[in-house]
Amino acid sequence: MPGNLDWCVAQLQQQAVIAYPTEAVFGLGCDPDSEHAVMQLLAFKQRPVEKGLILIAANYQQLEPYIADRELSVAQRERMFATWPGPVTWVLPAPSQTPRWLTGRFDSLAVRVSDHPLVQALCLAFGKPLVSTSANLSGQPPCRNVEEVLQQFGEAFPVLQGETGGRTNPSEIRDIISGDIIRQG
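An unreviewed UniProt entry annotates the protein chain as Threonylcarbamoyl-AMP synthase originating from Mixta gaviniae. Heading Catalytic activity (unreviewed entry) of the UniProt record for the protein chain holds this comment: "L-threonine + hydrogencarbonate + ATP = L-threonylcarbamoyladenylate + diphosphate + H2O". In its Subcellular location (unreviewed entry) section, the UniProt entry covering the protein chain states "Cytoplasm".

Here it is as structure tokens:
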């Protein structure tokens, strides 16, 4: 059934880009391991690959293949885990095998463990994290409901039906190494 969880997972498995509700806005997501899918997503957003992307996950274990966990101190891990699951994105060191289509020009990767029930269900059903960027065309405001997604991306665009978590602002982004806040939440 278009719009339900199983249908959206099938779209992801076919390297499609989908939209789905997150804590504050709808996100665009795809399989992080598919260069084809990520390039499609970047084309929709008119976003340069050099900027890097965010991965969103149901749990930390889903993120481990993409990050250099052993480079984190106990204190850094504790600080990060104290904010998860939730609307805080952390920039973590990435190993050299993490695809450049995810990290862009950086040796790091932005990651988040979401507390949104539909994001949790989607990542668990798909079996891994998703690339996550706000669902909007370049220069347009982020979509906050299904209707806005369909207006910006077309009636046939795959969307997981549901509501956002009601937050006003996108996730805060923090650097795990410096502790700096990169984007206010």
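Having seen the structure, we can now continue with the description.
Novice: Help me understand the layout of surface pockets in this model?
Specialist: Leftover empty space is mapped by rolling, across the atoms, a probe with the size of a water molecule. What the largest pocket holds in volume is close to 670 Å³. Breaking the lining of the largest pocket down by element, the ones donating at least two residues are β2 (26–30), α5 (100–103), β5 (108–113), β6 (130–134) and β8 (181–183). Counting residues per element, the lining of the largest pocket draws most heavily on β5, which supplies four residues. Classifying every residue of the lining of the largest pocket by side-chain character gives 15 nonpolar, nine polar and six charged.

Novice: Could you clarify how one ought to interpret the pattern of salt bridges in this entry?
Specialist: A side chain with one charge can pair with a side chain of the opposite charge if their charged atoms come near. Evaluation of the coordinates by the stated rule reveals six salt bridges. For aspartate 107, the salt bridge goes to arginine 100, with nearest N and O atoms at 3.5 Å. Residue class for arginine 100 comes out partly exposed when judged on its relative accessible area of 43%. Because the salt bridges share partners, they merge into one network encompassing Asp31, Asp33 and Lys128.

The rules behind the values
- Residues numbered from 1 in each chain as written.
- Predicted model: local features only at pLDDT ≥ 70, side-chain atom pairs only at ≥ 80, totals over all residues.
- Heavy atoms only, no water.
- UniProt positions renumbered as here; feature names shortened; annotations may be inferred.
- 1 Å grid on protein atoms, 1.4 Å probe; cavity = no way out; pocket = protein on both sides within 12 Å on 5 of 7 lines; lining within 4 Å.
- Points joined across faces, edges and corners; volume = space filled by probe spheres on them.
- Helix = DSSP H or I, 4+ residues; strand = E, 2+ residues; numbered from the N terminus.
- Nonpolar A, V, L, I, M, F, W, Y, C, P; charged D, E, K, R; others polar.
- Salt bridge = Lys/Arg side-chain N within 4 Å of Asp/Glu carboxyl O.
- Buried < 20%, exposed > 50% of the residue type's maximum accessible area, 1.4 Å probe, protein only.

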